[in-house]
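Residues per chain are reported as follows:
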Amino acid sequence: MTAVENANAGEQYEQYTPSFAEYWDDLVGWDDRLERDGPFYGRLLNAHGAKDVADVACGTGVNAVALALGGFKVTATDGSENMLEKARENAKARGATFNKSCVADWLTLDDTLGKEQYDAIVCLGNSFTHLFDHEQRRDALHAMFRTLRPGGMLIIDHRNYDTMLDEGYSSKHAYNYCGDGVDVGPAQLHRGLAQFHYTFKDGSTFQLNMYPLRQNYVTHLLEDAGFVNVERYGDMQRPFILNQVDFIQQVAFRP
Ligand code: SAM
């Protein structure tokens, strides 16, 4: 099986094995990450008057926990039971309470969580990259759209794959994945696949297969799903120079 065929086989959250879930927090580097992105997301959500927020790719909980501690009513979901279990442990350890937490696949989000439930949905830390099929990306965004209340806000944060594909990989390691002593880099990088390898301090290695999302394509998908007024930030700033940022945040609204 080629890498691309392999990337298309099975659900991508199955890559988050119990042992990778154990290592994930070393990669995230919670304190540095929350210092940089916590205030940004809190401000955006507050400015929009959001109270009920679903983190639909909560992973081990970094943003869901910070938002719950920041006073939002947070639903934490993930396709991976392994990651969600760690998120629950992390919430408990940090004194945060989720309003609800459950396993949920984006493709059936509104069936799992209910229609028109949330003021905001966040899908952060380069998660949306895990869908390899155009139709599945469309279906996932449609399901997120239906899960939001009219007027609701969706925030998707993804790597700056445009610059990676056009100019090669480099990273400031300042956003999202800030952990010390973790060696991260692409083993394969082309239009159809970004395969990243992660080597941790103790020598353990993992890999993730991701689809390199171009920013215009994501905006187009959002508009195609019915979202309006899509705004982009680069490393949480606006305006930004594309080849100087590691991550793009796309903010869109359900009319
Ligand atoms: N947001 C977290 C963070 O920043 O640390 C986790 C990011 S991790 C790169 C991507 C997450 O998306 C994983 O926890 C994975 O299980 C989840 N995921 C991937 N495909 C999914 C799907 N189809 N439905 C729900 N969750 C999915």
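Provided above is the structure to which this section pertains.
Numbering of residues starts from 1 in each chain and follows the order in which that chain's sequence is written. For a predicted model such as this one, the threshold for reporting local features is a pLDDT of at least 70, and the threshold for listing and counting side-chain atom pairs is 80 or more; totals across whole chains, interfaces and linings nevertheless cover every residue. Each side-chain value is worked out from all heavy atoms of the structure, with water and hydrogens disregarded.

## Side note on a negative patch on the surface
Side chains of Asp31, Asp32, Glu35 and Asp180 sit close together on the surface and give a patch of like negative charge. Tracing the backbone shows Asp180 in the loop between helix H8 (161-167) and strand E6 (183-190). Patch definition: residues above 30% relative accessible area lacking any salt bridge, with like charges linked at up to 9 Å and the nonpolar side chains Val, Leu, Ile, Met, Phe, Trp and Tyr linked at up to 5 Å. Residue exposure ignores everything except the shown protein chains as possible cover, and the areas themselves are Shrake-Rupley values with a 1.4 Å probe. The salt bridge definition used is simple: a Lys or Arg side-chain nitrogen within 4 Å of an Asp or Glu carboxyl oxygen. In this tally Asp and Glu are treated as negative and Lys and Arg as positive; neither His nor the chain ends contributes. Here the site of a charge means NZ on Lys, CZ on Arg, CG on Asp, or CD on Glu. Secondary structure is summarised from DSSP: a helix means a run of H or I of at least four residues, a strand means a run of E of at least two, and numbering begins at the N terminus for each.

## What about unusual backbone geometry?
The linkage connecting Arg238 with the following residue, Pro239, adopts the cis geometry, with an omega of 0°. Here Pro239 shows up in the loop between strand E9 (228-234) and strand E10 (247-253). The phi angle at Asn126 is positive, at roughly 60°, despite the residue not being glycine. As for its position among the elements, Asn126 is in the loop between strand E4 (118-123) and helix H7 (134-147). In this structure Asn126 comes out as buried when scored by relative accessible area, which is 4%. With phi around 45°, Asp235 is a residue other than glycine that occupies positive phi space. Checked against the element boundaries, Asp235 lands in the loop between E9 and E10. Exposed residues in this analysis have more than 50% of their type's maximum accessible area, buried residues have under 20%, and partly exposed residues fall in between, with area computed by a 1.4 Å probe over protein chains only. Judged by its relative accessible area of 4%, Asp235 is buried.

## Observations concerning the sheet that holds E9
Strand pairing is assigned whenever DSSP identifies at least 2 bridges connecting the two strands. Ordered in space as E3-E2-E1-E4-E5-E10-E9, the 7 strands form an open sheet in which the pairing is mixed. Two strands in the sheet have a free side with no partner beyond their single neighbour: strand E3 (100-103) and E9. With strand direction ignored, the average angle separating the axes of adjacent strands in the sheet is 15°. As paired strands, E9 and E10 are joined by 5 bridges and run antiparallel to one another. Its bridge partner being in E10, Arg232 is matched across the sheet by Gln250. Axes, fitted as lines to C-alpha atoms, cover a helix only where it is in contact. Angles between the N-to-C directions of the axes lie from 0 to 180 degrees.

## Some points on the sheet that holds strand E8 (residues 205-210)
Strand order in the open sheet formed by 3 strands is E6-E7-E8, and the pairing between neighbours is antiparallel. Sheet topology places E6 and E8 at the edges, where each strand pairs with a single neighbour. Put simply, the sheet's adjacent strands are angled 20° from each other on average, direction ignored. By the bridge criterion, 6 bridges tie strand E7 (residues 193-199) to E8 in an arrangement that is antiparallel.

## Describing the site of the ligand
In these notes, residues near a molecule or strand are those with any non-hydrogen atom within 4 Å of it. Lining the immediate surroundings of the ligand are 23 residues, of which Trp24, Arg33, Ala57, Asp78 and Gly79 lie closest. At 2.9 Å from an oxygen atom of the ligand is found a side-chain nitrogen or oxygen belonging to Trp24. Within 3.5 Å is the distance limit for a polar contact, defined as a pair of N or O atoms, with the added protein rule that one can donate a hydrogen and the other accept it, and that residues adjacent in sequence qualify only through two side-chain atoms. Contact between the ligand and Leu124: a nitrogen atom at 3.1 Å from a main-chain N or O atom of the residue. Coverage of the ligand by the protein chains reaches 99% of its 600 Å² of free accessible surface. In this classification, the charged set is Asp, Glu, Lys and Arg, the nonpolar set is Ala, Val, Leu, Ile, Met, Phe, Trp, Tyr, Cys and Pro, and all remaining amino acids, among them Gly, are polar. Taken together, the residues of the shell around the ligand break down into 13 nonpolar, 7 polar and 3 charged.

## A few points about the packing of helix H3 (residues 30-47) against helix H4 (residues 62-69)
At a minimum axis distance of 10 Å, the contact between H3 and H4 shows a crossing angle of 55°. When the axes of H3 and H4 are compared, the pair comes out oblique. H3 and H4 meet at a crossing whose hand is right-handed. Across the interface between the two elements, Trp30, Arg33, Leu34, Asp37, Tyr41 and Leu45 of H3 pack against Val62, Asn63, Val65, Ala66 and Leu67 of H4. Oblique is the label for any angle not under 35 degrees, not over 145, and not in the 65 to 115 range, which are roughly parallel, roughly antiparallel and roughly perpendicular in turn. Each crossing gets its handedness from the near helix: less than a right angle anticlockwise from the far helix is left-handed, clockwise is right-handed. Pairs of residues are marked as contacts when any of their non-hydrogen atoms sit within 4.5 Å.

## Brief notes about the pairing of strand E2 (residues 73-78)
Taking burial as the measure, the 6 residues of E2 include 5 buried ones, the bulk of the element. By the bridge criterion, 4 bridges tie strand E1 (residues 52-55) to E2 in an arrangement that is parallel. Within E2, the residue paired with Asp52 across the bridge is Lys73. Following the backbone out of E1, through H4 and into the adjacent parallel E2, one traces a crossover that is right-handed. Note: E2 against E3, 4 bridges, orientation parallel. Looking across to E3, one finds that Thr75 is bridged to Lys100. Clockwise travel from the first strand over the helix to the second, with the strands pointing away from the viewer, marks a crossover as right-handed. Of the crossover connections in this fold, the one passing from E2 over helix H5 (residues 81-93) to the parallel E3 is right-handed.

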